[in-house]
Amino acid sequence: MRMRMAVTDAVDTSREPERARVSGPRTRVAGVDVARGLAILGVFIAHMGVPLAAFLAPTADLADPAVYVDHAAEGFGGTVVSWVGTAVSGRSAALFSFLAGLSLVLVAGRTRPGTREDRNRIRVKVAVRAILLIALGYALATLGSLAVILHFYGLFFLLAIPLLWLRIRHLLAVGAAVLLIGPQAALVPYVSEYLPWSEGGYSSGLEAGSDAEWEEWDAKWEEKWDDPEWVAEQEAKWEEEPVDKPLFDVDYLETPLDLVLLGIYPAVVFMAYVIAGMVVGRLDLRALRTRLWLLGGGVAMAVVGYGTSWLLLNPFSGVLPGDENLYAQLFAAYSHSNTTLEVVGNTGVAVAVLGLCLLVADRARILLYPLAAAGAMTLTLYAVHGIGLWALFHVPTDTGWGEFLATYTVEIFFLVALVAAPLWRRFLGAGPMERPLTWTANTVSRRLVPTPTAAVHGHADPPGPAHDPGPGRSPDGAASPDDR
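Calculation criteria
- Residues numbered from 1 in each chain as written.
- Predicted model: local features only at pLDDT ≥ 70, side-chain atom pairs only at ≥ 80, totals over all residues.
- Heavy atoms only, no water.
- Helix = DSSP H or I, 4+ residues; strand = E, 2+ residues; numbered from the N terminus.
- Buried < 20%, exposed > 50% of the residue type's maximum accessible area, 1.4 Å probe, protein only.
- Contact = heavy atoms within 4.5 Å.
- Phe/Tyr/Trp six-rings, centres within 6.5 Å; stacked < 30°, edge-to-face > 60°.
- Lys NZ or Arg CZ within 6 Å of the ring centre and 35° of its normal.
- Axes fitted to C-alpha atoms, helices over the stretch in contact; angles between N-to-C directions.
- Parallel < 35°, antiparallel > 145°, perpendicular 65-115°, else oblique.
- Left-handed = near helix turned anticlockwise from the far one by under 90°.
- Nonpolar A, V, L, I, M, F, W, Y, C, P; charged D, E, K, R; others polar.
- Core = buried A, V, L, I, M, F, W, Y, C linked by side-chain atoms within 4.5 Å.
- Salt bridge = Lys/Arg side-chain N within 4 Å of Asp/Glu carboxyl O.
- Bend = angle between axes of the 7 residues up to and from the residue.

Draft legend 1. Inspection of the overall build of the protein at higher detail. Counting its regular elements, the protein contains 21 helices and zero strands. Out of the 484 residues in the protein, the part that is buried amounts to 50%. Counted over contacts in the protein with a minimum sequence separation of 6, partners at least 24 positions apart contribute 78%.

Below is the structure:
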């Protein structure tokens with residue numbers, strides 16, 4: 001299963017960037033939360049299928065929770081299901097990573113804090129969040145219910161700490177280097193066998209023959225599909241396989257090399273999304289001109305990324321020298337291909353989605369409140385959906401209740417996100433996972449980087465307008481533990 005997505009959700013303090021002059025307390029940027037809400041719904045679709053697919057594509061077999069919706073279903077409904085599934089696959093993860101970078105800048109403040117203690121406190125706070133995300137991600141990964149992204153996000157946060165207060169031009173330079181080098185580094189294990197000087201290389205030990213094996217398996221099914229005895233034999237083998245797995249299975253865990261290079265969300269690729277979010281976070285997100293530029297510029301980037309991939313792999317495919325398989329790997333832009341062109345296209349989609357959400361959120365705040373509330377609790381919702389999927393695998397589907405849960409899994413999680421999350425947010429504040437994470441990060445940062453003694457005794461100069469935190473704010477510009 002591929003996600004796309006875990007989670008900027010850990011950063012529950014999406015605040016307006018710190019301005020040169022602070023006139024009062026800062027409030028949440030509603031459009032950022034709405035964008036996060038769309039991202040978590042995209043994660044649900046990527047992992048559990050398209051909502052109402054049972055009605056749109058009735059030919060799909062939804063009785064087994066391990067069976068995905070048949071995106072090849074015929075008719076208008078099947079087309080809708082296919083388009084929606086394709087639209088969110090991979091892009092939800094990119095959107096989350098982009099918003100993670102944006103949120104890091106909002107937490108750190110758009111301008112460099114005035115004292116070394118302030119900066120160190122923010123660094124510690126981000127590092128604590130990262131460590132907690134890594135621990136939570138690995139714990140969730142042991143369930144084996146989905147491809148967890150949280151521990152990847154934790155690594156992204158750690159890598160972003162040195163970039164928090166770089167100038168925009170320096171951020172752009174680092175982002176461009178990651179965009180050009182990172183995807184190529186991640187693809188080396190998969191394309192080395194196509195290079196003229198390679199005899200299989202590293203990829204022969206990692207992925208060699210995987211495509212051929214799948215093609216052979218598909219061909220065998222095509223050949224034997226009309227043989228009921230063979231089909232029954234294969235189905236019997238599946239039924240004999242153990243369904244129940246240990247609650248905590250370390251076989252599902254990624255190695256540090258997977259987090260950096262070989263995993264489904266490698267840092268060498270996904271840091272490009274994070275840095276793009278950090279660049280956008282430096283802009284004035286409340287300005288109409290900025291929002292329009294984000295929408296238009298994002299669409300243009302998406303067209304360049306996906307369009308260039310299509311041109312190179314279709315009209316110009318016969319012009320390029322060398323092995324076509326090599327170019328199919330390097331210039332692809334399909335979901336999780338992790339190429340430079342896919343990153344450009346996905347970043348464009350993320351930027352455009354943010355621009356659109358910023359434009360719409362302030363004008364339809366009440367209407368979009370359920371989506372924004374879900375976006376403010378994405379860490380909780382992500383963890384709940386991972387645990388829920390694991391539990392669903394252990395529900396027998398031969399009962400009416402079990403079949404209902406298996407068929408309408410994604411609809412149930414949509415209701416949780418758009419009904420339960422807003423109610424929790426309205427009456428209880430921060431989510432049950434966001435609150436302790438924020439409290440822990442704030443507490444550790446204060447303990448490790450205490451306020452200077454002079455300030456405690458009242459001898460420090462009062463904060464100036466450039467870094468006055470305002471009511472309910474900690475000096476580093478992030479929300480205080482009581483400000484939910």
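There is more to say, and it comes next.
Draft legend 2. Molecular detail of the packing of aromatic side chains. Following the criterion strictly, the structure yields 10 aromatic pairs and no others. Considering the side-chain rings of Phe270 and Tyr273, the 5.1 Å spacing of their centres and the 75° angle between planes classify their relative orientation as edge-to-face. Here Tyr273 and Phe270 lie together in helix 12 (residues 267-281), a separation of three residues that amounts to about one turn. Comparing Phe270 with Tyr273 shows no difference in burial state: the two are buried. Pairing Phe404 with Tyr408 gives two aromatic rings, centres 5.1 Å apart and planes at 45°, and the pair type is tilted. The side chain of Arg426 reaches across the aromatic face of Phe427, ending 5.3 Å from its centre.

Draft legend 3. Structural detail: the packing of helix 1 (residues 30-48) against helix 4 (residues 91-108). Where helix 1 contacts helix 4, the two axes come as close as 9 Å, and the packing angle between them is 150°. Considering their axes alone, helix 1 and helix 4 lie roughly antiparallel with respect to each other. Seen from above, helix 1 lies across helix 4 with left-handed handedness. Only Ser92, Leu95, Phe96, Leu99, Leu102 and Ser103 of helix 4 make contact with helix 1, whose side of the interface consists of Val32, Ala35, Arg36, Ala39, Ile40, Gly42 and Val43. In the contact of helix 1 with helix 4, the residues fall into nine nonpolar, three polar and one charged.

Draft legend 4. Up close: the nonpolar core. Counting 94 residues, the largest nonpolar core has Phe44, Met271, Leu354 and Tyr382 as the members making the most contacts within it. Excluding anything up to four places from it in sequence, Phe44 contacts Gly49, Leu381, His385, Val410, Phe413, Phe414 and Ala417.

Draft legend 5. Spotlight on the side chain of Ser97. The residue Ser97 is located in helix 4 in this model. Under the relative-accessibility criterion, Ser97 is labelled buried at 0%. With near-sequence residues (within four places) excluded, Ser97 lies in contact with Tyr153, Phe156, Phe270, Tyr273 and Val274.

Draft legend 6. Here's a closer look at helix 6 (residues 150-160). By the criterion of burial, helix 6 is predominantly enclosed, with nine of the 11 residues buried. Structurally, helix 6 contributes buried residues whose contacts are with helix 4, helix 5 (116-141), helix 11 (256-262), helix 12 and helix 17 (378-392).

Draft legend 7. Main features of the pattern of salt bridges. Applying the stated criterion across every chain, the model contains four salt bridges. Between Asp118 and Arg121 there is a salt bridge, with its nearest N and O atoms 3.2 Å apart. Of this pair, Asp118 and Arg121 both sit in helix 5, three residues apart, which is roughly one turn of the helix. Taken as a pair, Asp118 and Arg121 share a single burial class, namely buried. Arg365 is paired through a salt bridge with Asp362; the nearest N and O atoms lie 3.2 Å apart. For Arg365, a relative accessible area of 48% gives the class partly exposed. Judged by relative accessible area, Asp362 falls into the partly exposed class, the value being 34%. Put simply, Arg291, Asp362 and Arg365 are held in one network by salt bridges that share partners.

Draft legend 8. Highlighting the environment of Gly263. Relative to the helices and strands, Gly263 resides in the loop between helix 11 and helix 12. Residue Gly263 is classed as buried on the basis of its relative accessible area of 17%. The spacing of Gly263 and Phe152 is 111 residues in sequence and 8.9 Å in space, taken between C-alpha atoms. If we skip the residues at most four places from it in the chain, Gly263 touches Phe152, Asp258 and Asn338.

Draft legend 9. Helix 19 (residues 409-428), seen in detail. Roughly 30° is the biggest bend found in helix 19, and it falls at Ala420, with proline Pro422 one to four residues downstream. Among all positions in helix 19, only Thr409, Val410, Glu411, Phe413, Phe414, Ala417, Ala421, Pro422 and Arg425 are buried.

Draft legend 10. Up close: the environment of Phe156. Relative to the elements of secondary structure, Phe156 occurs in helix 6. Remark: the alpha-carbon pair of Phe156 and Met271, spanning 115 residues in sequence, is separated by 6.4 Å. Other than its neighbours up to four places away in sequence, Phe156 contacts Ser97, Tyr265, Pro266, Ala267, Phe270, Met271 and Val274.

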